[in-house]
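# Fold and geometry: a report
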Amino acid sequence: AQSVTQPDIHITVSEGASLELRCNYSYGATPYLFWYVQSPGQGLQLLLKYFSGDTLVQGIKGFEAEFKRSQSSFNLRKPSVHWSDAAEYFCAVGAPYFGNEKLTFGTGTRLTIIP
Amino acid sequence: DGGITQSPKYLFRKEGQNVTLSCEQNLNHDAMYWYRQDPGQGLRLIYYSQIVNDFQKGDIAEGYSVSREKKESFPLTVTSAQKNPTAFYLCASRPGQGYTDTQYFGPGTRLTVL
């Protein structure tokens, strides 16, 4: 069974600084990987996804993520954060062999932005 | 506008009562899902349905029930057997059964059992 680890529960960065959120997965083959963002009391919005091909994936709101098979990682990055980026971020993995009907989510990383 | 609606946004119930959470989508998606979210635990899958009149248990189905009589609707009942029902519940849908399909989420329902 697949699993996802987001080692950072809470990260604080200054507005304008760069950001990297870590995600490590466990799966026997190449998984399908996702990053979602959640504002307080809201649903989840898809930021980006990786299925195959180019390992650097561009998403919405200026985010990107890089799939590194050797490290079993799919870290999310942004070169300059804005106050509106404050939210909770979830990494998720799907198992393509069984179809994409089930996603396994990490426990999330809460991002705080300071002026 | 196309999307997923969940109602109500906030729900309060007394302990021992069953309660049904609504999830409707007008995206013509085949698959629908229910997740439970607790602080620090991420999202956990309760039930999912890939086609009408069919559904499967997720990782934490005990104390919950669902139905899928219509493509656009996937209501979740939280029964009195659920020992700790207070949580944020998220519904999601996905276009089909293709590997590359993405799950889209509704705004959620916060259930508080008093």
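Refer to the structure presented above.
No experiment lies behind these values; they were computed from the predicted model shown.

## Observations concerning the side chain of Q38 of chain A
- As for its placement among the helices and strands, Q38 of chain A is situated in strand 5 (residues 32–38).
- When its relative accessible area of 5% is taken as the criterion, Q38 of chain A is described as buried.
- Contact partners of Q38 of chain A, with chain neighbours within four places excluded, come to G43, L44, A87, E88 and F90 of chain A together with Q37, F88 and L90 of chain B.

## Things to note about the pairing of strand 5 (residues 43–51) of chain B
Residues and elements named next belong to chain B.
- Burial analysis of strand 5 places seven of its nine residues in the buried class, the great majority of the element.
- As paired elements, strand 4 (residues 31–37) and strand 5 share six bridges and run antiparallel to each other. Following the sheet pairing, W34 is matched in strand 5 by Y47.
- Turn length for the strand 4-strand 5 hairpin, with the two strands adjacent in sequence and antiparallel, is five residues, and the turn residue G40 shows positive phi of about 75°.
- Inspection of the sheet shows strand 5 paired to strand 6 (residues 54–57) by three bridges, in the antiparallel sense. Counterpart to I51 in the pairing with strand 6 is D54.

## Observations regarding the sheet that holds strand 1 (residues 4–7) of chain B
All names here are of chain B.
- An order of 1-3-8-7 is seen for the four strands of this open sheet, with the pairing classed as antiparallel. Edge positions in the open sheet fall to strand 1 and strand 7 (64–66), since each of these has one partner strand only. For this sheet, the mean inter-axis angle between neighbouring strands, taken without regard to orientation, is 20°.
- Where strand 7 meets strand 8 (residues 76–78), three bridges bridge the pair, whose relative direction is antiparallel. Within strand 8, the residue paired with Y64 across the bridge is V78.

## Some points on the state of the cysteines
- Summed over the entire model, instances satisfying the criterion amount to two disulfides over all chains.
- With its sulfur 2.0 Å from that of its partner, C23 of chain A forms a disulfide with C91 of chain A. Where C23 of chain A bonds to C91 of chain A through sulfur, the torsion about that S-S bond is close to -65°, and the disulfide is left-handed. Linking C23 of chain A in the loop between strand 3 (19–21) and strand 4 (24–26) with C91 of chain A in strand 10 (residues 87–94), this pair joins segments that are 68 residues apart in sequence. Neither residue differs from the other here; C23 of chain A and C91 of chain A are each classed as buried.
- With its sulfur 1.8 Å from that of its partner, C23 of chain B forms a disulfide with C91 of chain B.

## Details of the nonpolar core
All names here are of chain A.
- Membership of the largest hydrophobic core comes to 26 residues, with the highest contact counts inside it found for L19, W35, L47, L48, F74, L76 and Y89.
- If you list the elements that add at least two residues to this core, you get strand 2 (10–14), strand 3, strand 5, strand 6 (44–50), strand 8 (64–68), strand 9 (73–78), strand 10 and strand 12 (109–114).
- At four residues, strand 10 tops the list of elements feeding residues into this core.

## Here's the deal with the pattern of salt bridges
All names here are of chain A.
- Per the counting criterion, the structure on display carries seven salt bridges over all chains.
- A salt bridge links E66 to R77; the nearest nitrogen and oxygen atoms lie 3.2 Å apart. Here E66, found in strand 8, pairs with R77, found in strand 9; they are 11 residues apart in sequence, far enough to count as distant.
- E66 sits in the partly exposed class, given a relative accessible area of 23%.
- In this structure, D85 and K78 form a salt bridge, with 2.8 Å as the shortest nitrogen-oxygen distance.

Rules behind the numbers
Residues numbered from 1 in each chain as written. Chains lettered and ligands numbered in written order. Predicted model: local features only at pLDDT ≥ 70, side-chain atom pairs only at ≥ 80, totals over all residues. Heavy atoms only, no water. Helix = DSSP H or I, 4+ residues; strand = E, 2+ residues; numbered from the N terminus. Buried < 20%, exposed > 50% of the residue type's maximum accessible area, 1.4 Å probe, protein only. Contact = heavy atoms within 4.5 Å. Pairing = 2+ DSSP bridges. Axes fitted to C-alpha atoms, helices over the stretch in contact; angles between N-to-C directions. Disulfide = S-S within 2.5 Å. Core = buried A, V, L, I, M, F, W, Y, C linked by side-chain atoms within 4.5 Å. Salt bridge = Lys/Arg side-chain N within 4 Å of Asp/Glu carboxyl O.

Any link to function would need more than the numbers given here.
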